[in-house]
Amino acid sequence: MYTFSNRLKIFAGILIVLGLLGVTYGFMSSHKTLDQVKEMLAAEASHGGHGDSHQTEEHVVKGGNDHSDNAHDTNSHGALEDAGHHSSTDAHHGDEHAKHVQHQIHNRPWSALYVAAFFFMMIALGVLAFYAIQFAAQAGWSPLLFRVMEGITYYLLPGAIIVLAIAMMAGDHIFVWMNPDMVNPESEHFDKLVAGKSGWLNSTGFLIRGIIFIAGWSIYRFFARKFSLAQDEAAAGDNSNFKKSFRIAAGFLVFFIYTESMMSWDWIMSVDPHWFSTLFGWYVFASMFVSGITVIALITIYLKSKGLLPQVNDSHIHDLAKFMFGISIFWTYLWFSQFMLIWYSNIPEEVTYFVTRIEDYKLPFFGMVAMNFIFPLLLLMNSDYKRIPWFVVMAGVVILAGHYLDIFNMIMPATVGDRWFIGVPEIGSILLFAGLFLLLVFYAISKAPLTAKGNPFVKESEHFHY
């Protein structure tokens, strides 16, 4: 049985403390007044950067409202009135723009926290789906890895509750449709399209659906773990608990494929309620699936390096790396399908999603594609490389970083616009949830023997060679 070392607990604790400090700093530094934002915009305008685009925007507005000089040559009083009109119009436009930027700055720490929370939650959810698939398929190669998978899925319940809690507390800092003015016809912020979706996009429905998702996933995880441990204690030849695991896995996968899609609409796609994609559920699934499998591989390699999984051989590592490679290709297929079809059709309300990311997020957008496709393709295509632990670890770290950027690209453009940066709030949020993830996962792994000795396929797994 694995013993949760004090050294690892201390390391996880340090990550959590550093993360909390970073998150706290992010919230404190985002509380800028309107005057501070105006000073910041003026400084940016004088030094280029963000100010260039805003200067151009202001110039267009001014030019659009301008009048011919000849029309006022003979009426100095009219000219003075017009100048006063321009001055008030420009001031109003400047105030509105400053308020918009102020809101984006306030959104950033919430968004950074949400991206990191969702990223670690989706790893646990991806592992739970992979675990259920192993039972439903009655796979013979993977039972030696079941305790690792069960340990990772322990994070799902607290992780998903945290994501839902952040979403509800953040409100319109992340989900603009949570602003009641957007569905109020008498408000200047009324949005007809958002109001038309209010039957689905409302806080009550959002919360109820979230509770149903989390409850369904957690109930399956509870019983799957219970039956797995019970099978270890069963008499020889008694596979009743394994059969129960098989049946509930098949039922869970049906529930999962529906709820995962709805979860991706609610928890990610609705940050930009003017845009939608029919591929989005599958796209998010591919990201969480490959991230989950990658974490299984990394933790398995770590435990094996400590001599705790002696029966896990390079064929098991090879198969995990094969899934990492295959699902990376699947993710790329979905990414390209979504991008190509929307870009080629060139429908304004659809293509704006990618225009925003290409213009304002060029480095993380294209960098993410390189990290999630080109890097795994080059490193893991060769079958021999899939058997080399440090090679798999190197590929895994890049894949996880790439899929963090994937979630970052899904959330940030709709919440912070071009005010993005990977700084203290983002890194602090990653450290906070990485520490919590390690603490809970390795605690769960330490609570049961690392070999599912009662599983009827465990002998096949022990002698697995590819």
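Scroll up to find the structure.
Residues numbered from 1 in each chain as written. Predicted model: local features only at pLDDT ≥ 70, side-chain atom pairs only at ≥ 80, totals over all residues. Heavy atoms only, no water.

1. Details of the overall build of the chain
Looking only at helices and strands, the chain has 16 helices and 0 strands in total. Per-residue burial over the chain gives 51% buried out of 466 residues. Looking at the chain alone, contacts between residues at least 24 apart form 82% of all its contacts between residues at least 6 apart. Just so you have it, the chain exposes about 21,200 Å², and 65% of that area is on carbon and sulfur atoms. (Helix = DSSP H or I, 4+ residues; strand = E, 2+ residues; numbered from the N terminus. Buried < 20%, exposed > 50% of the residue type's maximum accessible area, 1.4 Å probe, protein only. Contact = heavy atoms within 4.5 Å. Areas by Shrake-Rupley, 256 points an atom, 1.4 Å probe, with all protein chains shown as cover.)

2. Considering empty space enclosed by the protein
Scanning all chains against the criterion turns up 4 cavities of 30 Å³ or more. Computed from the structure, the largest cavity encloses a volume of approximately 80 Å³. Broken down by secondary-structure element, the contributors of at least two residues to the lining of the largest cavity are helix 11 (314–345), helix 12 (348–360), helix 13 (362–380) and helix 14 (389–415). Classifying every residue of the lining of the largest cavity gives 7 nonpolar, 2 polar and 2 charged. There is about 60 Å³ of room inside the second largest cavity. The wall of the second largest cavity is formed by F135, F146, S228, Q231, D232, F242, S245, A452 and N455. (1 Å grid on protein atoms, 1.4 Å probe; cavity = no way out; pocket = protein on both sides within 12 Å on 5 of 7 lines; lining within 4 Å. Points joined across faces, edges and corners; volume = space filled by probe spheres on them. Nonpolar A, V, L, I, M, F, W, Y, C, P; charged D, E, K, R; others polar.)

3. Considerations on the packing of aromatic side chains
Note on aromatic pairs: each is described by the distance of the centres and the angle between the planes. If you walk through the whole model with that rule in mind, you get 51 aromatic pairs. Aromatic side chains W141 and F464 sit 6.4 Å apart centroid to centroid with 45 degrees between the ring planes, which places their arrangement in the tilted category. Highlighted residues: W141 in the loop between helix 4 (76–136) and helix 5 (146–153) and F464 in the segment after helix 16 (458–462), separated in sequence by 323 residues. In this pair, the class of W141 matches that of F464, namely buried. On the numbers, 5.9 Å between centres and 65 degrees between planes, the contact of F256 with F285 is edge-to-face. Of this pair, F256 sits in helix 9 (residues 240–267) while F285 sits in helix 10 (residues 280–305), and the two are 29 residues apart along the sequence. Residue F256 is classed as buried on the basis of its relative accessible area, which comes to 2%. With a relative accessible area of 10%, F285 lands in the buried category. Among the aromatic residues, ring-to-ring pairing joins W275, F280, Y283, W331, W335, F339, W343, Y353, F354, F365 and F366 into one connected group. A cation sits over an aromatic face here: R209 above W200, 3.9 Å from the ring centre. Taking the ring centre of F325 as reference, the NZ or CZ of K386 above it sits at 5.2 Å. (Phe/Tyr/Trp six-rings, centres within 6.5 Å; stacked < 30°, edge-to-face > 60°. Lys NZ or Arg CZ within 6 Å of the ring centre and 35° of its normal.)

4. Describing a positive patch on the surface
A cluster of basic residues, K226, K243, K244 and R247, forms a positive patch at the surface. Looking at the positive patch element by element, the count peaks at 3 residues for helix 9. Its location among the elements puts K244 in helix 9. Residue classification places K244 among the partly exposed residues on the basis of a relative accessible area of 35%. (Patch = residues over 30% accessible without salt bridge, like charges linked within 9 Å, V, L, I, M, F, W, Y side chains within 5 Å. Salt bridge = Lys/Arg side-chain N within 4 Å of Asp/Glu carboxyl O. Lys, Arg positive; Asp, Glu negative; His and termini not counted. Charge placed at Lys NZ, Arg CZ, Asp CG, Glu CD.)

5. Concerning the side chain of H318
Along the chain, H318 turns up in helix 11. For H318, a relative accessible area of 1% corresponds to the buried category. A polar side-chain atom of H318 sits 3.3 Å from a polar atom in the side chain of D319. With residues up to four places along the chain from it excluded, the contact list for H318 reads S383, K386, R387 and Y466. (Polar contact = N/O pair within 3.5 Å; in protein donor to acceptor, adjacent residues only side chain to side chain.)

6. A look at helix 6 (residues 156–170)
Within an α-helix, residues lying three or four positions from one another point in the same direction, as the helix has 3.6 residues per turn. With 15 residues, helix 6 should reach 21 Å at 1.5 Å per residue; the first-to-last C-alpha distance of 21 Å fits that figure. Turning to helix 6, its buried residues number three or more, namely L156, G159, A160, V163, L164, I166, A167 and A170. One side of helix 6 carries all its buried residues, which in axial view fall inside an arc of 155 degrees. One or two steps after helix 6, the chain reaches G171, where phi turns positive at roughly 60 degrees. (Expected span 1.5 Å × (residues − 1). Arc of directions from axis to C-beta.)

7. Examining the nonpolar core
Counting 130 residues, the largest nonpolar core has F118, I152, W217 and W267 as the members making the most contacts within it. Residue contacts for F118: discarding those within four places in its chain leaves V163, M263, W267, I268, V284 and I407. Core analysis: the next-biggest nonpolar cluster, separate from the first, contains 5 residues, V37, L41, A98 and V101 among them. (Core = buried A, V, L, I, M, F, W, Y, C linked by side-chain atoms within 4.5 Å.)

8. Observations regarding the pattern of salt bridges
Applying the stated criterion across every chain, the model contains 9 salt bridges. Residue D319 is joined to K322 by a salt bridge in which the shortest nitrogen-to-oxygen separation is 3.5 Å. In this pair, D319 and K322 both sit in helix 11, 3 residues apart, roughly one turn of the helix. Classification of D319 by relative accessible area gives buried; the value is 6%. Of the charged contacts in the structure, one is a salt bridge between K459 and E462, with a shortest N-O distance of 3.6 Å. Residue K459 and its partner E462 are located together in helix 16, separated by 3 residues, close to a single helical turn. The buried category is assigned to E462, whose relative accessible area is 18%. Connected via shared salt-bridge partners are R147, E150, R225 and D232.

9. Concerning the environment of F433
In this structure, F433 sits in helix 15 (residues 424–445). Distance from F433 to G19, taken between C-alpha atoms, is 7.7 Å for residues 414 residues apart in sequence.

10. Some details on the environment of V393
In this structure, V393 sits in helix 14. Given the relative accessible area of 28%, V393 is considered partly exposed. Each C-alpha atom, one on V393 and one on L298, is 6.1 Å from the other, the two residues being 95 residues apart in sequence. Discounting chain neighbours no more than four positions away, the residues touching V393 are L298 and I301.

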